[in-house]
Amino acid sequence: MDIDIKNLHPLEIKLLLNFAEDDITADKVNASLGFEVGQCNQVFSWLSGKNLIVEKSRTLRTIYELTDFGAEYQAKGTPAERILKLVSEKGAMTLPEIAQALSLENKDVGTAFGALSKEGIMAMDGEKKASVKKAELSETMKITRALLDRGGQIPESDLSDAEKKVMGGISKKRGAAASPFKVVEREDVVYGFTEAGIAARAQLKAKGVTGEEIGVLTADMLKKGDWKGKTFRSYNVKTPPTRVLMGRHNPYTVFLDGIKDKLVSLGFEEYDGPLVEAEFWNCDALFMPQFHAARDIHDVYHIKTPTMAKEIEQPYLDRVAEVHKNGWNTGSRGWGYEFDRNFTKRLILRSQGTVLSAKQLHKAKIPGKYFGIARCFRYDKVDATHLSDFYQTEGIVLGENVNMKTLLGLLKMFAVEFAGATEVMYVPGYFPFTEPSVEIHVKHPVLGWIELGGAGIFRPEVTKPMNVDVPVLAWGIGIDRMALMSLELNDLRELFSPDIENVRLRRGK
């Protein structure tokens, strides 16, 4: 069987020549040839495409890998362990006092105390101080400690049923940087040589090809004479020249511009804001408590330098602080804690487009309609429907006569007119800053039902501190997912594909 070995890449040649056995894996290739993971994947793909190797088996394994966050827990103790030890030694303390003493975030202390309270280990007394009822960790917390001590990489097959249950609560696939363990799913693929592959190996040996041949002759090689005595790879002179192609707009950029044009034509005014925001506007002004686990859904990137905003606009800082503490004059009881004015100045990359609405409220005209196209950031596992940075269209409508029916009409417009969906579903939702709240879902022909975004009517705790006393409709819609529908794609990553041919095809639709 004659194989055209001129078309083989040096990586392919090295694998063909250095493996005779019929069980080839990435680990073996790495150990023998020093190929990186990406190189292994490439050479397997190339050889499979040429029918020189064939997949023999594929096994999926789940591994729990200790994160840097988990290593810190391993060394210093979990928040629950540290809180129990501190209060056992020092006596009853308030949650802010505990957070300050242990240098923990308020929300982490709140979450850990909630778990300790649920297990009957700690309780809150009449002075709102946390005290110890029994100085012993629960069984769940003991298992957590044991798992942290094992550290490293723990195969799921090595865990007992009880350990699997606990691990499920302390591990994440997406946003794992803030979780003790990261869930890693690995496929062990075994390849074997085909008859064509065996023939190609024999042909390479017969012609003395080694894979070390020089592919590019450089000026430096000519100058130093390094080319002497070397073997060169042959070139195919029949390779067609590079095409000359006209420049075109990216289809996703065209889609984004189309969204803006349509909203402006409907009378909406556009607002914008910086990528870096203070916690105040990203969360606090939206009535998200500083200590509560509900804030965990917004896994944010923190700014290293500078870490804090210089100031927060007044009187909005004072008003929001009072809303969190006792409800101010909104008719609410608030969250009942002392608002941390340093925490609220922390700088982050905005995690939601709603930050634009929060900053627009005190400047908005009544009645008024506003929208923004916001690039947002959350550390997330990238897949067909999730990206670590993404775009949202965020908007508000203010007026005496707007209501939930108005909002549902707007959401349907986004789903049908902008995304091109034919099947739309409304689902009750929860957001700390709206009540009532709703999510809009559309049916993708391949991915099934996907969430486009959330919406609702801003709570008085959000609007009144900003001098707004009329109903405010608010929404945050994932433009990436609308484009997924409109451009007939099956994966969000295709919106940012480096495959220029794919981009040209999309433009031509």
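Residues numbered from 1 in each chain as written. Predicted model: local features only at pLDDT ≥ 70, side-chain atom pairs only at ≥ 80, totals over all residues. Heavy atoms only, no water.

S.K.: Residue-level account of the overall build of the protein, with values.
M.R.: Scanning the protein for helices and strands turns up 19 helices and 15 strands. On the principal axes, the C-alpha backbone points of the protein span a range of 90 × 65 × 50 Å. Considering only residue pairs separated by 6 or more positions, the protein has 69% of its internal contacts joining residues 24 or more positions apart. Summed over all atoms, the accessible surface of the protein reaches about 26,800 Å², with 51% contributed by carbon and sulfur. When the 68 positive and 69 negative side-chain charges of the protein are each reduced to one mean point, those points stand 3 Å apart. (Helix = DSSP H or I, 4+ residues; strand = E, 2+ residues; numbered from the N terminus. Contact = heavy atoms within 4.5 Å. Areas by Shrake-Rupley, 256 points an atom, 1.4 Å probe, with all protein chains shown as cover. Lys, Arg positive; Asp, Glu negative; His and termini not counted. Charge placed at Lys NZ, Arg CZ, Asp CG, Glu CD.)

S.K.: Outline the packing of helix 12 (residues 251–265) against helix 16 (residues 404–418), supporting the account with residue identities and numerical values.
M.R.: For the pair helix 12 and helix 16, interaxial distance at closest approach is 12 Å and the crossing angle is 135°. Judged on the interaxial angle alone, helix 16 and helix 12 are oblique. Read as a crossing pair, helix 12 and helix 16 show a hand that is right-handed. Contacts between helix 12 and helix 16 involve Phe255, Ile259, Lys262 and Leu263 on the former and, on the latter, Met413, Phe414, Glu417 and Phe418. Its residues placed into classes, the contact of helix 12 with helix 16 shows six nonpolar, no polar and two charged. (Axes fitted to C-alpha atoms, helices over the stretch in contact; angles between N-to-C directions. Parallel < 35°, antiparallel > 145°, perpendicular 65-115°, else oblique. Left-handed = near helix turned anticlockwise from the far one by under 90°. Nonpolar A, V, L, I, M, F, W, Y, C, P; charged D, E, K, R; others polar.)

S.K.: How would you sum up the sheet that holds strand 12 (residues 424–428)? Please name residues and give values.
M.R.: Here we have seven strands laid out as an open sheet, ordered 7-10-11-15-14-13-12, and mixed in their pairing. The open sheet is flanked by strand 7 (269–270) and strand 12, the only strands paired with a single partner. Pairing geometry for strand 11 (residues 389–398) and strand 15 (residues 472–478), over seven bridges, is antiparallel. Of the residues in strand 15, the one forming a bridge with valine 397 is leucine 473. Strands in contact with helix 12 are strand 7, strand 10 (368–377) and strand 11; relative to strand 10, the strand with the most contacts, it is inclined by about 160°. (Pairing = 2+ DSSP bridges.)

S.K.: I'd love a proper account of the pairing of strand 14 (residues 448–458), names of residues and values included.
M.R.: Taking burial as the measure, the eleven residues of strand 14 include nine buried ones, the bulk of the element. The pairing of strand 13 (residues 434–444) with strand 14 spans nine bridges and is antiparallel. From the neighbouring strand, threonine 434 faces strand 14, where its bridge partner is phenylalanine 458. The antiparallel pairing of strand 13 with strand 14 creates a hairpin that spans three residues between the two strands. Where strand 14 and strand 15 come together, five bridges link them in antiparallel fashion. Looking at the pairing, glycine 454 lines up with glycine 476 of strand 15. (Buried < 20%, exposed > 50% of the residue type's maximum accessible area, 1.4 Å probe, protein only.)

S.K.: Which residues make up the confidence of the model for the protein, and what values do they have?
M.R.: Chain-level pLDDT for the protein is 86 on average; 94% of the residues reach the 70-or-more range. Across the protein, helix 17 (residues 460–463) holds the top mean pLDDT of 96, while helix 19 (residues 500–507) sits lowest at 62. (pLDDT = per-residue confidence, 0-100.)

S.K.: I'd love a proper account of the nonpolar core, names of residues and values included.
M.R.: A general trend in soluble globular proteins is that nonpolar side chains are found buried together. Ranked by internal contacts, the top residues of the largest apolar core, which has 42 residues, are Phe280, Leu361, Ile396, Leu398 and Phe458. Apart from the residues lying within four places of it in its own chain, the contact partners of phenylalanine 280 are Ala285, Ile312, Tyr316, Leu317, Val320 and Thr344. Judged by nonpolar contacts, the second largest core, of 39 residues, contains Leu263, Phe371, Ile373 and Ala421. (Core = buried A, V, L, I, M, F, W, Y, C linked by side-chain atoms within 4.5 Å.)

S.K.: Quick one: what's the story with the packing of aromatic side chains, residue by residue and with numbers?
M.R.: The final tally for this structure, using the stated rule, is eleven aromatic pairs. Ring plane angle 70° and centroid distance 6.2 Å describe the contact between tyrosine 252 and tyrosine 391, whose orientation is recorded as edge-to-face. Of the two residues, tyrosine 252 sits in helix 12 while tyrosine 391 sits in strand 11, which places them 139 residues apart along the sequence. When the ring of phenylalanine 414 is compared with that of tryptophan 475, the centres are 5.4 Å apart and the planes differ by 50°; the resulting orientation is tilted. Highlighted residues: phenylalanine 414 in helix 16 and tryptophan 475 in strand 15, separated in sequence by 61 residues. Judged by relative accessible area, which is 2%, tryptophan 475 ranks as buried. (Phe/Tyr/Trp six-rings, centres within 6.5 Å; stacked < 30°, edge-to-face > 60°.)

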